[in-house]
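Residues per chain are reported as follows:
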Amino acid sequence: MASLIESGWLYLITHFSDFQLACLGSFFLHESVFFLSGLPFIYLERAGWLSKYKIQTKNNSPAAQEKCITQLLLYHFGVNLPVMLLSYPVFKYMGMRSSLPLPSWKVVLTQIIFYFILEDFVFYWGHRILHTKWLYKNVHSVHHEYATPFGLTSEYAHPAEILFLGFATIIGPAITGPHLMTLWLWMVLRVLETVEAHCGYHFPWSLSNFIPLYGGADFHDYHHRLLYTKSGNYSSTFVYMDWIFGTDKGYRKLKALKSTGEGEEDGGKQMQY
């Protein structure tokens, strides 16, 4: 398996420049993973399939879904791609490389764990700041237009927020200067995580059922349902920051009420798109 991966990587670095792989390759990988993982949830919602696992009973209109896709393409090509191009010199300066040999699995695993921990910490505080009155009204409210989120809404946000919270994702790799393969793996995991958190479904096979402290869709869906001053649940991947600072009390209370049959399905005052 390792030799197969190494052979595939040798093909890439032989046929494409470091700049092409780091910028254009990263952008293509991101778009592929993001849309391939997010689009199915639109069709699930429209067709009504697996509806028993849907967290909210409300659905987004086709027009709202199409608006999201259109805006995403505009943001991705108008914001994400330029940022990738401009950040290339920074990552090269910090030590990012694409050459062989590939890093060991121990190095990759250690760096990925570090990225998740750091991203959770930075994202939590950045997200809380975005929920202050002025920033929410002028920036973060764009992301919250969808009170009933679906996978693709994970990256539907004001351009300023894309840059602001995107910092949480890239700061770890910027510090460590990883191999490009590690950077790609981190990007794929981060995209899959945020799409799942916004998918609007809680399945029996959802990771939050198996991984301690993992937030997932049920945790983040609560955040979208409530008014900005009362939402809580600001964490990115893991929920320990909300637990430490007590910003998940409303969610925990609702879960406790539901377990006794007293909680309402959508719990709390909602902002509908």
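Residues numbered from 1 in each chain as written. Predicted model: local features only at pLDDT ≥ 70, side-chain atom pairs only at ≥ 80, totals over all residues. Heavy atoms only, no water.

- Within an unreviewed UniProt entry, the label attached to the protein chain reads Fatty acid hydroxylase domain-containing protein, and the organism entered is Hevea brasiliensis.
- Check the Subcellular location (unreviewed entry) section of the UniProt entry for the protein chain; it says "Membrane".
- Its UniProt record gives the protein chain a comment under Sequence similarities (unreviewed entry), which states: "Belongs to the sterol desaturase family." (UniProt positions renumbered as here; feature names shortened; annotations may be inferred.)

1. Let's talk about the UniProt feature "transmembrane region" (unreviewed entry) in the protein chain
Item 1. The sites that UniProt annotates as "transmembrane region" (unreviewed entry) are residues 19-44, 72-91, 103-125 and 162-187.
Item 2. The span residues 19-44 carries 100% helix and 0% strand; its end-to-end C-alpha distance comes to 38 Å.
Item 3. The straight-line gap between the two end C-alpha atoms of residues 162-187 is 15 Å; of that span, 88% is helix and 0% is strand. (Helix = DSSP H or I, 4+ residues; strand = E, 2+ residues; numbered from the N terminus.)

2. Points about a nonpolar patch on the surface
Item 1. A cluster of nonpolar side chains, namely Trp 49, Leu 50, Trp 205, Leu 207, Phe 210 and Ile 211, defines an oily patch on the protein surface of about 670 Å² accessible area.
Item 2. With respect to the secondary-structure elements, Leu 50 resides in the loop between α2 (18-47) and α3 (62-93). (Patch = residues over 30% accessible without salt bridge, like charges linked within 9 Å, V, L, I, M, F, W, Y side chains within 5 Å. Areas by Shrake-Rupley, 256 points an atom, 1.4 Å probe, with all protein chains shown as cover. Salt bridge = Lys/Arg side-chain N within 4 Å of Asp/Glu carboxyl O.)

3. Quick notes on α2
Item 1. With 30 residues, α2 should reach 44 Å at 1.5 Å per residue; the first-to-last C-alpha distance of 43 Å fits that figure.
Item 2. A maximum bend of about 35 degrees is found in α2 at Gly 25.
Item 3. Note on α2: the residue one or two positions beyond its end, Gly 48, has a positive phi of about 80 degrees. (Expected span 1.5 Å × (residues − 1). Bend = angle between axes of the 7 residues up to and from the residue.)

4. Structural notes on the packing of aromatic side chains
Item 1. Using the criterion set out here, one finds 22 aromatic pairs in the structure.
Item 2. Taking 5.8 Å as the distance between ring centres and 25 degrees as the angle between the ring planes, the aromatic pair formed by Tyr 124 and Phe 245 counts as stacked. Taken together, the residues span a long stretch of sequence, with Tyr 124 in helix α4 (residues 105-130) and Phe 245 in helix α9 (residues 240-245) at a distance of 121 residues.
Item 3. Centre to centre, the rings of Trp 125 and Phe 245 are 4.8 Å apart; their planes meet at 75 degrees, and the pair counts as edge-to-face. With Trp 125 in helix α4 and Phe 245 in helix α9, the pair connects residues that are 120 residues apart, well separated along the chain.
Item 4. For Phe 245, a relative accessible area of 40% gives the class partly exposed.
Item 5. Grouped by ring-pair contacts, the aromatic residues Phe 114, Tyr 115, Phe 116, Trp 186, Tyr 214 and Phe 238 constitute a single cluster.
Item 6. The ring of Phe 123 carries the charged tip of Arg 190 above its face, separated from the ring centre by 5.8 Å. (Phe/Tyr/Trp six-rings, centres within 6.5 Å; stacked < 30°, edge-to-face > 60°. Buried < 20%, exposed > 50% of the residue type's maximum accessible area, 1.4 Å probe, protein only. Lys NZ or Arg CZ within 6 Å of the ring centre and 35° of its normal.)

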